[in-house]
Amino acid sequence: FRVLLPGTPVQNNLLELHAVLEWICPGMFSQDRFSAAYDPVTRKTDPQALSDTRRLMDVLMLRRMKALVEKGLPPRHEVQVNCPLSPMQLFW
């Protein structure tokens, strides 16, 4: 019996997600499902494969939001600050 308790989101990369799930349940998840959902080279997604992967994760993953756990927090406030890139950032 294995349990994974990540401190950060695990959906940073679908192939990393597959590796984590493969560690939890070896042989249960096809890498093809995850590879078909997103192609990192072309940055294209297959909407149906992505939807299937999301539904799979809804069954397997318990996601707790901070607002649900800590009721005393004020509502989230976001501020976007746009700033120009430096010459070095523009070069790279």
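Our subject is the structure that appears above.
Residues numbered from 1 in each chain as written. Predicted model: local features only at pLDDT ≥ 70, side-chain atom pairs only at ≥ 80, totals over all residues. Heavy atoms only, no water.

Help me understand unusual backbone geometry, please; the structure alone is not making it clear to me.
Of all residues except glycine, most have a negative phi; of all peptide bonds, most are trans. Although it is not a glycine, R43 adopts a positive phi angle of roughly 60°. Classification of R43 by relative accessible area gives exposed; the value is 67%. (Buried < 20%, exposed > 50% of the residue type's maximum accessible area, 1.4 Å probe, protein only.)

Just checking my understanding: could you explain helix α3 (residues 47-60) for this structure?
Every α-helical turn comprises 3.6 residues, leaving residues that sit three or four positions apart pointing alike. Along its 14 residues, α3 runs 20 Å from first to last C-alpha, staying within 8% of the 20 Å computed at 1.5 Å per residue. The elements touched by buried residues of α3 are α1 (14-24), α2 (31-37) and β2 (44-45). (Helix = DSSP H or I, 4+ residues; strand = E, 2+ residues; numbered from the N terminus. Expected span 1.5 Å × (residues − 1). Contact = heavy atoms within 4.5 Å.)

When you look at the pattern of salt bridges in this model, what are you seeing that I'm missing?
Two side chains that carry opposite charge are able to pair once their charged atoms sit near each other. Evaluated as defined, the whole model comprises 2 salt bridges. Residues R55 and D52 are paired through a salt bridge, measuring 2.2 Å at the closest nitrogen-oxygen approach. Remark: D52 and R55 occur in helix α3; sequence separation between them is 3 residues, near one turn of the helix. Of the residues examined, R55 reaches a relative accessible area of 48% and is grouped as partly exposed. One salt bridge in this structure joins E78 and R76, with 3.2 Å as the shortest N-O distance. For E78, a relative accessible area of 56% gives the class exposed. When its relative accessible area of 74% is taken as the criterion, R76 is described as exposed. (Salt bridge = Lys/Arg side-chain N within 4 Å of Asp/Glu carboxyl O.)

What should I look at first to understand α1 in this one?
Residues of α1 that are buried include every one of L14, L17, H18 and L21, and no others. Axial view of α1: buried residues confined to an arc of 100°, hence all on one face. Next to the buried residues of α1 lie α2, β1 (38-39) and α3. (Arc of directions from axis to C-beta.)

Explain the environment of S35 here, please?
With respect to the helices, strands and loops of the structure, S35 is situated in helix α2. According to the relative accessible area criterion, S35 is partly exposed, its value standing at 34%.

Quick question: what am I supposed to make of the packing of aromatic side chains here?
Working definition: an aromatic ring pair is given by the centre-to-centre distance plus the angle between the planes. Under the criterion given, the structure shown has 1 aromatic pair. Plain terms: the ring middles of F91 and W92 are 5.0 Å apart, the flat faces sit at 85° to each other, and that makes the pair edge-to-face. Taken individually, F91 and W92 each receive the classification exposed, so the pair is uniform in this respect. (Phe/Tyr/Trp six-rings, centres within 6.5 Å; stacked < 30°, edge-to-face > 60°.)

What's the story with the environment of A67 in this structure? I'm lost.
Its location among the elements puts A67 in helix α4 (residues 66-69). Distance from A67 to C25, taken between C-alpha atoms, is 30 Å for residues 42 residues apart in sequence.

Where do I start with the packing of α1 against α3 in this structure?
Between α1 and α3, whose axes approach to 13 Å, the crossing angle comes to 40°. Regarding α1 and α3, the two cross each other, and that crossing is left-handed. In this structure, α1 contributes L14, L17 and L21 to the contact, and α3 contributes L50, T53, M57 and L60. Considering only residue class, the contact of α1 with α3 consists of 6 nonpolar, 1 polar and no charged. (Axes fitted to C-alpha atoms, helices over the stretch in contact; angles between N-to-C directions. Left-handed = near helix turned anticlockwise from the far one by under 90°. Nonpolar A, V, L, I, M, F, W, Y, C, P; charged D, E, K, R; others polar.)

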